[in-house]
Structures are given as C-alpha cells and as structure tokens.
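# Report on the structure
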Amino acid sequence: GTAVPSDGSRTVLDLAEDADLAPMAGCRMGVCRRCVVPLRSGTVVDMRDGRTECEPGAHVQICVSAPVGDVEIEI
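The following paragraphs examine the structure supplied in this document. (Residues numbered from 1 in each chain as written. Predicted model: local features only at pLDDT ≥ 70, side-chain atom pairs only at ≥ 80, totals over all residues. Heavy atoms only, no water.)

### Some points on the overall build of the protein chain
Going by this rule: Note on conventions: DSSP H or I runs of at least 4 residues are helices, E runs of at least 2 residues are strands, and numbering of each starts at the N terminus. Relative accessibility thresholds used throughout: buried, under 20% of the residue-type maximum; exposed, over 50%; partly exposed, between the two (1.4 Å probe, protein chains only). We call two residues in contact when some of their heavy atoms are within 4.5 Å. Using the Shrake-Rupley algorithm and a 1.4 Å probe, accessible areas are obtained, with residue cover drawn only from the displayed protein chains.
Tallying secondary structure elements over the protein chain gives one helix and four strands in all. Listing every helix and strand of the protein chain by position from the N terminus yields α-β-β-β-β. The dimensions of the protein chain, computed from C-alpha atoms along their principal axes, are 25 × 25 × 20 Å. Looking at the protein chain as a whole, 31% of its 75 residues are labelled buried. Restricting the contact set of the protein chain to residue pairs at least 6 apart, pairs at least 24 apart contribute 50%. When the accessible surface of the protein chain is totalled, it reaches about 4600 Å², and 49% of it is carbon and sulfur.

Printed below as a string of structure tokens:
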C-alpha cells in the first residue's frame with residue numbers, strides 16, 4: 001500500500017528503503033538472491049543487462065531492478 005515516485009534510475013530496493021520499508025536484501029549486487037520478490041504488475045528493467053520483466057507473478061531481484069512506469073511489487 002505504499003506509493004513511491006521514481007525516475008527509473010534507482011533500484012526498487014533503494015526506493016523501498018527510502019520509503020521506510022524493510023525488504024530482505026543481502027549483497028545488493030544480484031548475487032545472493034535474498035531480495036527476490038513477486039512482481040504483481042508493471043515492468044521492471046534489470047540494471048545489469050537491460051532485460052525487462054513484465055509477467056505477473058515473475059520473481060524479480062529488487063536490488064538490481066528499476067521500475068519502468070507504474071509497478072506493483074510484493075515486498
């Protein structure tokens with residue numbers, strides 16, 4: 001139930017923490033996979049290689065993913 005504005009240049013993890021949320025995270029580089037959460041709707045881009053994910057229910061790594069427009073993620 002928290003809405004956070006984004007310009008697409010910051011990860012979902014950074015945005016969540018700035019909104020005083022406490023999602024699980026570990027390495028912050030996409031290696032440990034502790035930050036994997038389900039995508040409910042919208043599109044995220046993997047900042048490492050530019051791949052996008054938009055399939056509802058897909059698991060995304062919020063430490064390396066940035067929102068593209070409106071995104072709903074289960075944290």
